[in-house]
Amino acid sequence: MSDVIIKVYDILDELDNSLLINNIKEDKKILSANKEFMDMLNKYQSNNDINLKKVLLENTTYVNYLRNINQLNKYLYSINKRIKEIIGDLSCEL
């Protein structure tokens, strides 16, 4: 079992050093430093104003960030799905 765990940590290290993760980190850093953008994002998250969403989506860094996050989520979903196929349902009925 330890070989499997070591390989999982190897995969996590590879992921941490991947271009996808580095792009997410860099975009997040850029967006977080932009106070005007962050204010708009916080306002949008609190009221879901469609006009504000349109303005946010004009920011190419934000669009790239969202695309990369979606790609990462697809990878994670695929990994989780495969793990469930391997180990089956983990629910325990008493």
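Cut-offs applied
- Residues numbered from 1 in each chain as written.
- Predicted model: local features only at pLDDT ≥ 70, side-chain atom pairs only at ≥ 80, totals over all residues.
- Heavy atoms only, no water.
- Helix = DSSP H or I, 4+ residues; strand = E, 2+ residues; numbered from the N terminus.
- Buried < 20%, exposed > 50% of the residue type's maximum accessible area, 1.4 Å probe, protein only.
- Core = buried A, V, L, I, M, F, W, Y, C linked by side-chain atoms within 4.5 Å.
- Contact = heavy atoms within 4.5 Å.
- 1 Å grid on protein atoms, 1.4 Å probe; cavity = no way out; pocket = protein on both sides within 12 Å on 5 of 7 lines; lining within 4 Å.
- Points joined across faces, edges and corners; volume = space filled by probe spheres on them.
- Nonpolar A, V, L, I, M, F, W, Y, C, P; charged D, E, K, R; others polar.
- Salt bridge = Lys/Arg side-chain N within 4 Å of Asp/Glu carboxyl O.
- Polar contact = N/O pair within 3.5 Å; in protein donor to acceptor, adjacent residues only side chain to side chain.
- Patch = residues over 30% accessible without salt bridge, like charges linked within 9 Å, V, L, I, M, F, W, Y side chains within 5 Å.
- Areas by Shrake-Rupley, 256 points an atom, 1.4 Å probe, with all protein chains shown as cover.
- Expected span 1.5 Å × (residues − 1).
- Arc of directions from axis to C-beta.

Describing the environment of D3
Phase 1 of the analysis: Residue position: D3 is located in helix α1 (residues 2–16).
Phase 2 of the analysis: Using a relative accessible area of 55% as the deciding quantity, one classes D3 as exposed.

Things to note about the nonpolar core
In summary, soluble globular proteins display a tendency toward joint burial of nonpolar side chains.
Phase 1 of the analysis: Counting residues in each nonpolar core, the largest one holds twelve residues, listed as L20, I21, I24, L31, F37, L41, Y44, L52, L56, Y62, Y65 and L72.
Phase 2 of the analysis: At the level of elements, α2 (19–33), α3 (35–47), α4 (50–56) and α5 (60–87) are the ones that each hand at least two residues to this core.
Phase 3 of the analysis: For this core, the element with the most residues is α2, which contributes four residues.
Phase 4 of the analysis: Dropping the residues within four chain positions of it, L56 is found in contact with F37, M40, L41, Y44 and Y62.

Section: the layout of surface pockets
Phase 1 of the analysis: Within this model, the largest pocket holds a volume of roughly 400 Å³.
Phase 2 of the analysis: Lining the largest pocket are V4, K7, V8, I11, L12, L15, L76, I79, R82, I83, I86 and I87.
Phase 3 of the analysis: Of the residues that constitute the lining of the largest pocket, the class distribution is ten nonpolar, no polar and two charged.

What to know about the pattern of salt bridges
Phase 1 of the analysis: For the structure on display, the rule yields three salt bridges.
Phase 2 of the analysis: Of the charged contacts in the structure, one is a salt bridge between D16 and K25, with a shortest N-O distance of 3.1 Å.

Structural notes on the side chain of S18
Phase 1 of the analysis: Topologically, S18 is positioned in the loop between α1 and α2.
Phase 2 of the analysis: There is a polar contact of 3.2 Å between the side chain of S18 and the backbone nitrogen of I21.

Some thoughts on a nonpolar patch on the surface
Phase 1 of the analysis: Together, V4, I5, V8, Y9 and L12 make up a nonpolar patch on the protein surface, roughly 460 Å² of accessible area in all.
Phase 2 of the analysis: Mapped onto the elements of the fold, V8 is located in helix α1.
Phase 3 of the analysis: Residue V8 is classed as partly exposed on the basis of its relative accessible area, which comes to 42%.

Quick look at the environment of N22
Phase 1 of the analysis: With respect to the helices and strands, the residue N22 is situated in helix α2.
Phase 2 of the analysis: Not counting residues within four places of it along the chain, the set of residues in contact with N22 comprises D16 and N17.

Side note on unusual backbone geometry
Phase 1 of the analysis: Located in the positive-phi region is N48, a residue other than glycine, with phi close to 55°.
Phase 2 of the analysis: Residue placement: N48 occurs in the loop between α3 and α4.
Phase 3 of the analysis: Among the residues examined, N48 registers a relative accessible area of 54% and is labelled exposed.

Points about α2
Phase 1 of the analysis: Spanning 15 residues, α2 covers 21 Å between terminal C-alpha atoms, matching the ideal 21 Å at 1.5 Å per step.
Phase 2 of the analysis: Residues of α2 that are buried: L20, I21, I24, D27 and L31. Mapping the buried residues of α2 onto a view down its axis gives an arc of 130°, with all of them on the same face. Exposed residues on α2 whose side chains face more than 90 degrees from its buried face are L19, K29 and A33.
Phase 3 of the analysis: Buried positions along α2 lie against α1, α3 and α5.

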